[in-house]
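These are the residues of each chain, in order.
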Amino acid sequence: MTSFNLYSAEAEENSPAADEEIETISVTGFRRSLIDSINTKRFSDTVTEQISADDLGALPDVSISDALTRLPGISAVRTNGQSGEINIRGLSGGFVATTLNGREQVSTKGERNVEFDQYPSELISSGAVYKSPKASLLEGGVAGTVELKTASPLSIKEDYKLSANARMMKNDRAEEVYGAPSTGNRISVSYQGKFLEDTLGVAVGFARLYQPGVSTQFVGLRYDGEKDVDNDLDELIAEDNAKDQATIDGQDYDGCPISCERLSEGFELQHKGGEETRTGYMAVIEYAPTDNFTLKADFFKSRFNSEEFARGFRVKLDPTTAVTEQLIQDQGKYVVGGVFKRRSTGNNTRVESTNDNNNKINNITSYGINADWQISDNLNLNIDLSHSQASSDFRNGLLWALAAEDANADKPVVDSNVEIFYQLNGLELPDVGFNQADDFTDINKMMVSKYGIYPYVYKDKLDAAKFDFTYTTDIDFISSIQAGVRWSERTYAADRSVYEYGSDSSFLTTQPPLKLTEDMVTVVDWQDEFANFPSYLAIDVDKALAAWFPEGTPQPVQTWGNAPGVINDEEDITTQSDYSWSMIQSGEVYEDVFSAYIMANIDTEVFGVPVTGNFGVRMVETDQYATELKDVDGNVKFGAQYITDNAGLVNDQYANQIRGISYRDYLPQLNLNFQLTDNDYIRFAAADVMSRPPINRLSAQTSYNINLTNGHVTGENKNNPELTPFYATQYDLSYERYFDDASGSLAIALFYKNIESAGIQDIAIENFDFAGNGFPVPEIVFNEDGVPKTTINKTYNLAVNDDQGGYLRGLEVSYTKIFTDLPELFSGLGVNLSYSYTESEISQIQDLDGDKFNTSLPGLSKNLLSSSLFWEYQGFETRISLRQRSKFVSDQTAINSQLVNYDAESVVDYQASYQFNDNLSVLFQANNLTDEPTKTYFGNTAKTGTLQYFGRQLYLGVNYSL
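Residues numbered from 1 in each chain as written. Predicted model: local features only at pLDDT ≥ 70, side-chain atom pairs only at ≥ 80, totals over all residues. Heavy atoms only, no water.

Structural notes on the overall build of the protein
Then, in step 1: Each helix and strand in the protein was counted, giving six helices and 58 strands.
Then, in step 2: Here the C-alpha atoms of the protein give a radius of gyration of 30 Å, agreeing with the 30 Å that 2.2 N^0.38 yields for 962 residues.
Then, in step 3: With respect to the three principal axes, the spread of C-alpha positions in the protein is 90 × 60 × 60 Å.
Then, in step 4: Within the protein, the proportion of its 962 residues that are buried is 57%.
Then, in step 5: For the protein, the proportion of contacts with a sequence separation of at least 24, taken over those separated by at least 6, is 73%.
Then, in step 6: A total accessible area of about 39900 Å² is found for the protein, and carbon and sulfur atoms account for 50% of it.
Then, in step 7: Computed over 75 positive and 141 negative side-chain charges, the inter-centroid distance for the protein is 2 Å. (Helix = DSSP H or I, 4+ residues; strand = E, 2+ residues; numbered from the N terminus. Rg over C-alpha atoms; globule rule 2.2 N^0.38 Å. Buried < 20%, exposed > 50% of the residue type's maximum accessible area, 1.4 Å probe, protein only. Contact = heavy atoms within 4.5 Å. Areas by Shrake-Rupley, 256 points an atom, 1.4 Å probe, with all protein chains shown as cover. Lys, Arg positive; Asp, Glu negative; His and termini not counted. Charge placed at Lys NZ, Arg CZ, Asp CG, Glu CD.)

As for the side chain of N719
Then, in step 1: If you trace the backbone, N719 turns up in the loop between β39 (712–717) and β40 (726–738).
Then, in step 2: A distance of 2.5 Å separates a polar atom in the side chain of N719 from a polar atom in the side chain of R697.
Then, in step 3: Of the polar contacts made by the side chain of N719, one reaches the side chain of Q701; its length is 3.3 Å.
Then, in step 4: Aside from chain neighbours lying at most four places away, what touches N719 is N696, R697, S699, Q701 and A799. (Polar contact = N/O pair within 3.5 Å; in protein donor to acceptor, adjacent residues only side chain to side chain.)

Observations concerning the sheet that holds strand β38 (residues 702–706)
Then, in step 1: Spatially, the four strands line up as an open sheet ordered β38-β39-β45-β42, and their pairing is mixed. Edge positions in the sheet fall to β38 and β42 (760–765), since each of these pairs with one other strand and no more. Looking at each pair of strands side by side, their axes are set apart by 15° on average, direction ignored.
Then, in step 2: Both β39 and strand β45 (residues 792–801) contribute to a ladder of five bridges, which runs parallel. When the sheet's bridge partners are listed, G715 is paired in β45 with Y796. (Pairing = 2+ DSSP bridges. Axes fitted to C-alpha atoms, helices over the stretch in contact; angles between N-to-C directions.)

Let's talk about the environment of L947
Then, in step 1: Mapped onto the elements of the fold, L947 is located in strand β57 (residues 940–949).
Then, in step 2: Residue classification places L947 among the buried residues on the basis of a relative accessible area of 0%.
Then, in step 3: Along the backbone, L947 and P933 are 14 residues apart, and their C-alpha atoms lie at a distance of 6.8 Å.
Then, in step 4: If we ignore the near neighbours within four places in the chain, the residues touching L947 are T216, Q217, F218, L427, E428, L429, F530, T934 and K935.

Concerning helix α5 (residues 541–548)
Then, in step 1: For α5, the complete set of buried residues consists of V541, A544, L545 and W548. Along α5, the residues classed as buried sweep out an arc of 95° about the axis, all on the same side.
Then, in step 2: Along its buried surface, α5 packs onto β22 (350–374), β23 (379–403), β26 (446–472), β28 (499–502), β29 (514–515) and β31 (536–539).
Then, in step 3: Sitting at the head of α5, D540 places a side-chain oxygen 3.2 Å from the backbone nitrogen of D542. (Arc of directions from axis to C-beta.)

A short note on the sheet that holds strand β9 (residues 144–149)
Then, in step 1: Pairing is mixed across the open sheet formed by five strands, whose spatial order is β3-β8-β9-β6-β7. Edge strands, defined here as strands with exactly one partner in the open sheet, are β3 (48–52) and β7 (103–104).

Some points on the confidence of the model for the protein
Then, in step 1: Chain-level statistics for the protein give a pLDDT mean of 89 and a share of 92% at 70 or above.
Then, in step 2: In the model, residues 1–27 has pLDDT below 50 throughout and makes 55 contacts with residues more than four positions away in sequence or in other chains.
Then, in step 3: Across residues 242–254, confidence stays below pLDDT 50; counting only partners more than four residues off in sequence or on other chains, it has 20 contacts. (pLDDT = per-residue confidence, 0-100.)

Points about unusual backbone geometry
Then, in step 1: Phi is positive for L196, which is not a glycine, with a value near 50°.
Then, in step 2: Looking at where L196 falls in the secondary structure, it is placed in the loop between β11 (183–195) and β12 (200–212).

Let's talk about a negative patch on the surface
Then, in step 1: Taken together, the side chains of E518, D519, D540 and D542 present a region of like negative charge at the surface.
Then, in step 2: Among the residues examined, D540 registers a relative accessible area of 31% and is labelled partly exposed. (Patch = residues over 30% accessible without salt bridge, like charges linked within 9 Å, V, L, I, M, F, W, Y side chains within 5 Å. Salt bridge = Lys/Arg side-chain N within 4 Å of Asp/Glu carboxyl O.)

With respect to the pairing of β45
Then, in step 1: Note: β42 against β45, six bridges, orientation antiparallel. For I760, the partnering residue across the bridge sits in β45 and is N801.

Quick notes on the pattern of salt bridges
Note on pairing: side chains with opposite charge can pair once their charged atoms come close.
Then, in step 1: This model, assessed by the stated rule, comprises 45 salt bridges.
Then, in step 2: The shortest N-O distance in the salt bridge between R186 and E122 comes to 2.7 Å. In this pair, R186 sits in strand β11 while E122 sits in the loop between β7 and β8 (126–130), placing the two residues 64 residues apart along the sequence.
Then, in step 3: A salt bridge links E265 to K316, with the shortest nitrogen-to-oxygen separation between them at 3.3 Å. Of this pair, E265 sits in the loop between β17 (261–263) and β18 (266–290) while K316 sits in strand β19 (residues 293–316), and the two are 51 residues apart along the sequence. Assigned by exposure class, E265 and K316 land together as buried.
Then, in step 4: One salt-bridge network, held together by shared partners, links K41, E49, R89, K131, R683, D732, E736 and E812.

Comments concerning the pairing of β57
Consecutive residues of a regular strand have side chains that alternate between opposite faces of the sheet.
Then, in step 1: Counting buried positions over the ten residues of β57 gives nine, a clear majority of the element.
Then, in step 2: Bridge count between strand β56 (residues 934–938) and β57: four bridges; the pairing is antiparallel. What sits directly across from F938, in β57, is N940.
Then, in step 3: Counting the residues between successive antiparallel strands, the hairpin from β56 to β57 contains one residue, one of them, G939, with a positive phi of roughly 80°.

Concerning a nonpolar patch on the surface
Then, in step 1: A surface patch of nonpolar side chains, amounting to about 510 Å² of accessible area, comprises F195, L196, Y287, L295, I369 and L385.
Then, in step 2: Relative to the elements of secondary structure, L295 occurs in strand β19.
Then, in step 3: Classification of L295 as partly exposed rests on a relative accessible area of 31%.

Observations regarding the packing of aromatic side chains
Then, in step 1: Scanning all chains against the criterion turns up 46 aromatic pairs.
Then, in step 2: For the pair F768 and F770, a centre-to-centre distance of 5.0 Å together with 80° between the ring planes defines the contact as edge-to-face. For the pair shown, F768 and F770 are each scored as buried.
Then, in step 3: Counting every residue linked through ring pairs, the aromatic cluster contains F313, F434, F440, W526, F530, F533, Y536 and Y949.
Then, in step 4: Here the guanidinium or amino end of R809 rests over the ring plane of Y807, the centre of that ring lying 4.0 Å away. (Phe/Tyr/Trp six-rings, centres within 6.5 Å; stacked < 30°, edge-to-face > 60°. Lys NZ or Arg CZ within 6 Å of the ring centre and 35° of its normal.)

Listed below in C-alpha cells is the structure:
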C-alpha cells in the first residue's frame, strides 16, 4: 500500500507564505483525492469548490456530473436515472458556464446547458466550481462556472503513469422490460509519460461506457382542456340575469367562462429500454524546451449514442367533447379522474398502443493550443486558440396502433366503443381501467394506424482566441497586474424535418392501416408496481415497416408540405398536411463576442492579517443575430422570394431575413481572502455577473395571421434574437477552518444574489401596430364571400426577458473529517458532509396551454444534503453516500418540453474496493441503492406528472495501474 504526500501547486503561487514550509498530508485512496481537493480550495483566490483525481480514471463516477454533485450547493437533474444537467445554488443549468481547459464549451442539448454525462470521469483529472468570479474568468455564469481539466503530463512526478479499468454492470429492473438489455460494461485506459529529459509530455486516454437504459413510467399530460363539467354556467348566467349578454361580471365567455374546470390531455404508461454507448478520447502533447516557455496542445472528443424504445399505451382523452361520468375534481378546478367515453362522431377519445424508437447521437469535439511564455522576470504572455463543436441528431420515431372493430375486414374501422376510467393518486401510481383491455393483445383487433419520424438536428460550434498578460509589480499591496482580450465566434444551427403516414385517431382510406401478423408481435405484461395495468403488444418495428412499406421506408424531409404559398402543381404535393414549421424552425444563430479585462492581484497585510485576492473589471461586447423565414404574404416589397424546400416544393410567401442586436456590458469583480491564522480564512467576494439567454431562444420565428371573418390581425414571436442577458449582482462571505492534523476542514458560507431577470416570458401586446412594424397588413381584406373587412390590430405575443427579478440567498456548510487520532483499525474512518439552504423571492408563472400556476426558480431546492461515510483499512475501502434534495422545478419532456415540479428525492450509492498491491485493485459499486424514482407534478401534487422507476445499477470491476 502506497502513501502519498499531497499539497496544492496553487499554494506556491497564491499563498503569501509560499516560502514557508506547509504541512503535508499523507493519505491514500479516496482520502487522497478528498484532501487534495481541500488543499486546492484552501489556496484558491476565489470562492470555489474542487474535485481532483491524481490519476486519470481514479474517479469512480459514471460521469463528471456525479462527481460534481458531491460538492456543497451542487445538485443534478436525473434524466433516465443518470445525472446530466447540474444546478448551482438554486439556479438551473442555463445559468451555469462551463469550460474545458479554460475554454468555453458548447452544448449537445440545443441550448447553453452542458450535458455533463457526455464527459467521462475517467478522462477528467480535476474539476472546479467557481461560485465567485474574477475578471480573468470567462463571463456567462450567474449561478457559477464549472472548470474541467484534462491531464498535464509534465506535472506528474513519475516518468510515466498507466491506468486501466474494466467494470461489468447490471440493472436490476431490466428483466421486467421486454427487449431491454440488462448488462453493460465500462472500459478505460490512459497513459501519461515524460520524455527528452522531462521537456516533452504526452497523455492519451480512452473511455467506453455501454449500459442498459431502463425505466418503467407513468406520464401525466398537461391540463390543456376546459369544460364546464358541473354545469355552473347556467347558474352564473341566471344569477347575473345575463342570458342575452356576452359577459358574466364583465368577463367574456366565448365557449368557456370562468366556471370551467381544466381537464388533462391524457396520460401514458410506458416501458422504456435500450442501450447507451459513450466513447471518449483524450490526447495532450506538452512541450517545455526552456524554463520560460511551454507549448501545449490538447484534444477531447466524446460520442454518446442512445438507442431507446418506449412501449405501452398513450391515452388521449379529448376531454372537451368526450362523454364524461363520475368526474373527480381537485380544488373545484382540476379534473383528476373519471370515466371518459368516445362518441361515434366528433370525438377522438382513444387508447393508442405505442411502439416508439427514439435514437440520439451526440458528439462533442474540443481542441486547442496554448503557449505560455515568461518573457522576462516580470512579464508573462499566454496565448490560447481553441475550437469547440457539438452536434445532436435526435430522431423521435413513433409507431402507433388502434383497436379496430375487425382487423380482418376489407375496410376496417376504428372501434368507437371506447371507455376509459382513471383516477390520479398524487405521487403514487393511478388507478386505470379500459373496456378494450382484452383487445390490446389481439391481432384481430389491433392495427398499426400511424408512423412518424421527427428529427431534431442541432449543430453548435465556437472558435476563440485569447491573449493574457501578467506583469509582476514591486507595489507593496499589488503583486501583479493581469490584462487580456478574447474574441469568439459562435454559430448555432437547427434543422427540422418530418415524415408522417396514417393517423393517430382514425384509419385513413388513402393511407390504410397495417394488419399485424403473429411474427410481428409479442405480448408484454407489466410487473411489480405496474402489475395491475393491462398487457399490450410489443411490435417489431422493422418487420412492421417492411410490411407497410415494401419498397423501403420513406425518409424524413424538410418541407413545406401543403402549406399556403406553395406554387407547385397538385400532383407534386404528396401530403395534405402543412409542414411549414419544419422550414420556419430551421435556421441559424450567430454570436460574436469581444471581451477585455484588467485585474490587479492583491498580496498585502492589513493590521497584521495577510490579505490576498484580486479586483478588476471585464468588458464584454456581444453581437447576436439570427436568420429568419418571415411570412410576408408574398409581398415583393417586403422581400418575398421563391424558396425551395428539400422535396422540391416552392413557396412564394416568405422572405429570408437576418435580425439581431448588439450590446456592451461592464462587469466589476472583487475577491478578498483574509488569513486570520495558519488554519483560519475569511473570504469576501462581490461581482456583477451575466448569463446569456438560451441560444435556441435567440432564433427568429415570427408569424402573423389575418382572420378573414372579422379582419383581426394577430401574431407571435416565440423566440427572439433581441433577448438580452440575465444580470445579477452577487455577494459571498465565507469562513473556512483547516484542521491542525491535516485531516479535514469546516467551511460556512453565505451568499446573496440580486437578480434583475431570471427567465423568458411571452407577453401579449394589445393593439399591436403590425403594419408599422414591417408586417404586410393591408387596410382591407375580403372574406370567402367577397365581403370587405377592415383589418384591426389585435394581440402580438412576444418573447421578452421577464421582470420577475429579486433576491436569491442562502447558506452552505461543509465538513470533512478523517479520524486519524482513533486506534489504527478506525484511523481510516471519515465523513464528508455538506448542506445548503437556498431561498428566493422570485416566482415564475408557468402557462401550459392555458393552465397557469406559480413555480419557484427552475433548479431551486431549498434544502440540499450530500453526505458520505467512508472507512479505509489495509487496502480495504468502503463508502456509502446519500444525496438529498427537496422539491424543485425543472424541464420534463412528454409530448412537448415543459417545466414541472419535481418531488423531493434521496439517492443512496455504495462502493467497496480492495487494493491487493500497488498496482491491482477490485471494486464493487451500487448506484441508486434504494431504487429511488423520479416523481413530478403540475403545480400541485394532485396533478400527477411523471412517476419513473429506473432500477439499481450494480458494478463489479478491476483497476490496474503502473
